[in-house]
Each structure stands twice: as C-alpha cells, then as structure tokens.
Amino acid sequence: MSAQANSSSSQPRSPDSSSNETENTSGDENDTNDSRTDTDRPALPLADLLTRETDRKFVGLTENDPQEYPDEVPPETRCSPETSRSFKDIIKVLPKASSGELWATNDFVETSGRVDTAAIRRVHGLDVDALESYTGSSIEDLAAASEADAVVRVYDHQDIVDDRRKALNALGYDVKFRWQIASDSYSIINPQEAYLPIISALQQRGETNPFGWVSYRDWGGLLKMVVICPSLRNVVSGDQEDIEDDVEEDGITIAVSNDSDSDENSNKDEEGSETIIYGGFQTGYDFRGTQTLWARPILFFPDSGTVLPDMGERYTRRHYGKATNADHERSQGRVPISEWWRSIYDDIDTRMIDVDTAIRRTRAIAYDFEDLPFSVEDCYTYWGIANRYAVAAADRATSIASLSSRPTVYNLQFSLLIALLDQYEGSWASDTYQEYTEVAGELLRKPAMMIQLAMQEHDRQTDEPDERVLPEGQQTLSDALDDIVDIPGITVDSEADLSDGDAQRLQDRVQRCLDDIESVT
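A short tour of the structure in this document, coming up. Keep in mind that what you see is a predicted model, and the values were worked out from it rather than measured.

**Observations regarding the overall build of the chain**
1) Next: Helix and strand counts for the chain stand at 16 helices and 15 strands.
2) Next: Contacts spanning at least 24 positions in sequence make up 73% of the contacts within the chain whose residues lie at least 6 apart.
3) Next: Accessible area of the chain: about 25100 Å², with a carbon and sulfur share of 43%.

Rendered as structure tokens:
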C-alpha cells in the first residue's frame, strides 16, 4: 500500500474513536460525509470492529489455567473475573504492525512524465545557471533526457502500518492506518512475538495464575501492560523496628520503638498493621516513533489495587537488528526477548526482600520544612511536578502530617499520587503522567537522594550564596543517610506521620479515584 493512500480520502467517512475515548478526533460518532449519495455504503461504527483505546483485564496464563484472583484481591480493585480473559487471549487481540512500501510525490514531474522546468527555475536557493554551466546543458535539455516519475519509491525509510485499518481504508473508509514512517533499519517488535514467551517463562517458575491489565491507545500503537505475580508475595509488618543501631547523629534521628506509647499506637490500627505486597512487572512499547520495548519490576498492593512503579532495573530492547530472532540476538551478544522474562521474574523475587525496609524507611524519614529554605510545594516543583499538582499534593501532605512542617516521605509520595488522580486532565498513557508517577517510585527507593535533588535545584535557582543548602563542593548525590548528616531539614523520627492503617486508607482513596475515572470513560 502506497503512502499516498492516507486519511484524507474523500470516501465514506467513519469516526476514528471508540466509545471510551475522551478526545474525539474525527467528529461526532454518527457523522457521515455530507456528500454521500444513496449508492454509497452506510457509515461504519469502527468501534464495533476496532477498539482505539481500552483497558483489558486478564487472569491466568492460558484458557486451561484457573482464572481466579487471590482472595486478598477485592473485586472492586479493577480485578473482576467476570470481565477478565486469560493472558494468552489478551495478547492475541493486540495488533500486528507491518512494513509497507513508501512512496513520495515529486511535484516537479507531471503524471505524463513531463518535467516543469519553469517551476524548477523558480526554486529559491537552487543556482540553475551554475548547474547549466557545470553540465553544459540547459535545464530544458536535462528535463527532456530525464526518466523521473511523478511518484518515487522511497528505499531508506519504511511505512509502519496497521493492516486492520489499512484494510478498512482500502474498502473506502476514512480511517488512518499509519503509526509512523521509520528508517530502513527499524525492526518491528510485534506484541505477540515479544509477550507470548512470558507464558513459558512464568510456567517455568510455577506462576500459572498471574493477573493484570493491558491499556492501549491508538489502536494498540501505544501500550502499557501490568503483570502481577501472586507467588511473589511479601507481608510488611506494622511493628516499628530499628532501621539502624544509632540513635542520633548530627541531627539525624534514627527510628526506635521500644516505648509503651508506640505499642499502644500500633494496637490502635491493628486491622491495618500488616501491608500485603505482590511483585510484578510493567512493560510497554510504542509504534509511533520511539525505539524501544521496555519492562521493569513494580509493586502491587492488593488491598487497594495500587501499583508503585520503577522498583528495579529497566530492561529495554531497541527496534533494530532482528529483535525477536533468539539465535541472531545471541550472536550479537544480546539477551533474546524470550529470555528477558525469566530474568525479570528473578529480579523481582530478589528485590522483594528489600521492600519491607524500603517502606519502613519512608515512614520514618521526614523532611523538615522549618529548616529547609523552601516549602513543600516548592519541593514538588523542584522534582519536575507542574505547579497545579504541586499545590494540591503539598496541601494534602501538610494536612495529613502529624506536624504540618514535617511530612514523611511515605506521606509525600501518596499525596502526589492522589493529587494526580484528582487533578490530572491529560492522558494517563502520556510520558508526562508516567514521569510524575515515577517521582513517587523514586521517593520510596531513594528518599535521601530525592531531597538532595530538590536542594540541588533550589541552589541552582537562588542568587544568594547564603541561601544555598548543599555543602560547598558536593558534586554527587547519594541515598546514604550518612552522606547528608550535615544538611539541615532531614529527620528520621520515631513517629511516622502515617500509620500502616492510615497508609492503607490512602491507597483505598487512590483506588476509588481510579474507579471513578474508569466509570466515566
């Protein structure tokens, strides 16, 4: 199919949107071309044939596996067996991209083959006199000898298209079918070839009943998928134990919990004293110009359905070479995609050991904004959060904190997620939204480094040397508490702003917002 056949066709028109898309790019669903005659075919509701944007749930690897969610996962947390299919079935409905021929129109050549020499002489920046002098021939003589065509085949790029939509275009319906025009070195990684090997990888690890969801836009051109593994389960106790042996050092107070008051407070939220966590991974691709398929470990809180991103190494595979040919990839020194998934599973399994410590630490570490020369709101903006969401997150974080000027890191990350759920109006599949949620993930993983990043940005923006926070000469950032003991504004206290029960209720709030958004879309 030539690149000439695009969405500007004057044939009968049908909308390019599904019933759950928030932005209709092609007009009302019932619109048809005003010039349509009685002999034209009726408008076709493409949403009945192709889904442009959707979320699909899955549970169990194949149709032969029990499709049952763990008892710890309430059905209201976007996990309902009535609307779920097997992982294999979900992957099979994803699109296959293909590479089509690419053509370009040469406007200086008429369809008869005649070259428009007058138009060539009017081209700004082309020295026609020099060309004629160099060749010894006039433009007219060169044109007469030319065998140029009005339509020229392009060999150094390829047209990445969706065959399903291209077929509808061929039948006369005005539907876009191109995802991108890529270089000739671009290697298509289709989701079936990349994701079906997950089945054998998880079967080898005894994981036959994973669950999760697939979210895609642009008819599958952009995808994000979450796969949760119930066997990678960890329980974070509500007991507040020592994080380190030291009690206090240069303004850094280490969490201890040996007094009766702490025990009493712990009993107060006994039902929420344990936090259950599953391991899993998120993966995605984009046919619309980016060059990688990626995957990374995540954490899943089953009580609320909340996913915390970016909890480990990010695995990527660029669209070049022969991406899905295992023998070729090994010969080039690369790990085949089919072998990724076992490595990712093992990576998650290993990292689950550290989850308990990470959550305890973020509930014990507080940023003291009475000592810091900037506000909670400023801190969010220093991390790259837009002002609108920074204001909302800061208001929530300070209102929840036991001391409004000393929110814990755990408080800060969930306040950010809730602010985004309440306020964010863009696409959840966008890079911007992904970057914002990754800030929350980084707060859990690297709480000391994150405050240093904010300090570094503050120092960069201030013009007054005496308002700078980081020690003079500090060039690198570290997540070790010992490396920031001389910096005011960091406390590791014996009382967390959020108990385990409070934290779980916050996660439930996040999920209610998710459910509200899904009911609207």
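**What about helix H3 (residues 128-135)?**
1) Next: Between the side-chain oxygen at the start of H3 and the backbone nitrogen of aspartate 129 there is a gap of 3.4 Å, and the oxygen is on aspartate 127.
2) Next: Within two residues after H3, glycine 136 carries a phi angle of roughly 75°, on the positive side.

**Some details on the nonpolar core**
1) Next: Ranked by internal contacts, the top residues of the largest apolar core, which has 53 residues, are Phe87, Tyr195, Met225 and Trp341.
2) Next: With 10 residues, the single largest contributor to this core is helix H10 (residues 337-364).
3) Next: Ignoring anything within four residues of it in the chain, the contact list for tyrosine 195 reads Phe87, Ile91, Leu223, Met225, Thr283, Gly284, Tyr285, Leu293 and Trp341.
4) Next: The next biggest cluster of nonpolar side chains, apart from the first, holds 31 residues, and it includes Tyr367, Leu372, Ala419 and Leu421.

**Some details on the packing of aromatic side chains**
1) Next: With the rule as written, the count across this model stands at 21 aromatic pairs.
2) Next: Centroid distance tryptophan 340 to tryptophan 341: 5.8 Å. Interplanar angle 75°. Geometry classified as edge-to-face. This pair shows no difference in class: tryptophan 340 is buried, exactly as tryptophan 341 is.
3) Next: Site record: aromatic cluster; members linked through ring pairs are Trp179, Tyr195, Phe281, Tyr285, Phe287, Tyr315, Trp340 and Trp341.
4) Next: Sitting over the ring of tyrosine 410, arginine 363 keeps its end group 4.2 Å from the ring centre.

**Brief notes about helix H5 (residues 163-170)**
1) Next: Looking at H5, one finds that the buried residues are Arg165, Lys166, Leu168 and Asn169. Viewed along the axis of H5, the buried residues span an arc of 160°, placing them on a single side of the element.
2) Next: Residues of H5 that are buried sit in contact with strand E3 (97-105), strand E4 (151-162) and strand E5 (178-183).
3) Next: Just downstream of H5, glycine 172 is the residue with a positive phi angle, here 105°.

**Comments concerning the side chain of arginine 296**
1) Next: Along the chain, the position of arginine 296 falls in strand E11 (residues 292-301).
2) Next: Side-chain polar atoms of arginine 296 contact the side chain of glutamate 438, separated by 2.6 Å.

**Section: the packing of helix H13 (residues 409-423) against helix H14 (residues 431-445)**
1) Next: The geometry of H13 relative to H14 is characterised by a closest axis approach of 8 Å and an angle of 165° between their N-to-C directions. Put simply, H13 runs roughly antiparallel to H14. Here the hand of the crossing between H13 and H14 comes out left-handed. Only Tyr433, Tyr436, Thr437, Val439, Ala440, Leu443 and Leu444 of H14 make contact with H13, whose side of the interface consists of Val409, Leu412, Gln413, Leu416, Leu417, Leu420 and Leu421.
2) Next: Of the residues contributing to the contact of H13 with H14, the split by class is 12 nonpolar, two polar and no charged.

**Focus on the pattern of salt bridges**
1) Next: Applying the stated criterion across every chain yields a total of 17 salt bridges.
2) Next: Residue aspartate 327 is joined to arginine 330 by a salt bridge in which the shortest nitrogen-to-oxygen separation is 3.4 Å. You can see aspartate 327 and its partner arginine 330 sitting in helix H9 (residues 326-331), three residues apart, about one turn around the helix.
3) Next: By relative accessible area, which is 59% here, aspartate 327 ends up exposed.
4) Next: For arginine 330, a relative accessible area of 43% gives the class partly exposed.
5) Next: Each of Arg121, Glu132 and Glu140 takes part in one network of salt bridges that share partners.

Conventions we followed
- Residues numbered from 1 in each chain as written.
- Predicted model: local features only at pLDDT ≥ 70, side-chain atom pairs only at ≥ 80, totals over all residues.
- Heavy atoms only, no water.
- Helix = DSSP H or I, 4+ residues; strand = E, 2+ residues; numbered from the N terminus.
- Contact = heavy atoms within 4.5 Å.
- Areas by Shrake-Rupley, 256 points an atom, 1.4 Å probe, with all protein chains shown as cover.
- Polar contact = N/O pair within 3.5 Å; in protein donor to acceptor, adjacent residues only side chain to side chain.
- Core = buried A, V, L, I, M, F, W, Y, C linked by side-chain atoms within 4.5 Å.
- Buried < 20%, exposed > 50% of the residue type's maximum accessible area, 1.4 Å probe, protein only.
- Phe/Tyr/Trp six-rings, centres within 6.5 Å; stacked < 30°, edge-to-face > 60°.
- Lys NZ or Arg CZ within 6 Å of the ring centre and 35° of its normal.
- Arc of directions from axis to C-beta.
- Axes fitted to C-alpha atoms, helices over the stretch in contact; angles between N-to-C directions.
- Parallel < 35°, antiparallel > 145°, perpendicular 65-115°, else oblique.
- Left-handed = near helix turned anticlockwise from the far one by under 90°.
- Nonpolar A, V, L, I, M, F, W, Y, C, P; charged D, E, K, R; others polar.
- Salt bridge = Lys/Arg side-chain N within 4 Å of Asp/Glu carboxyl O.

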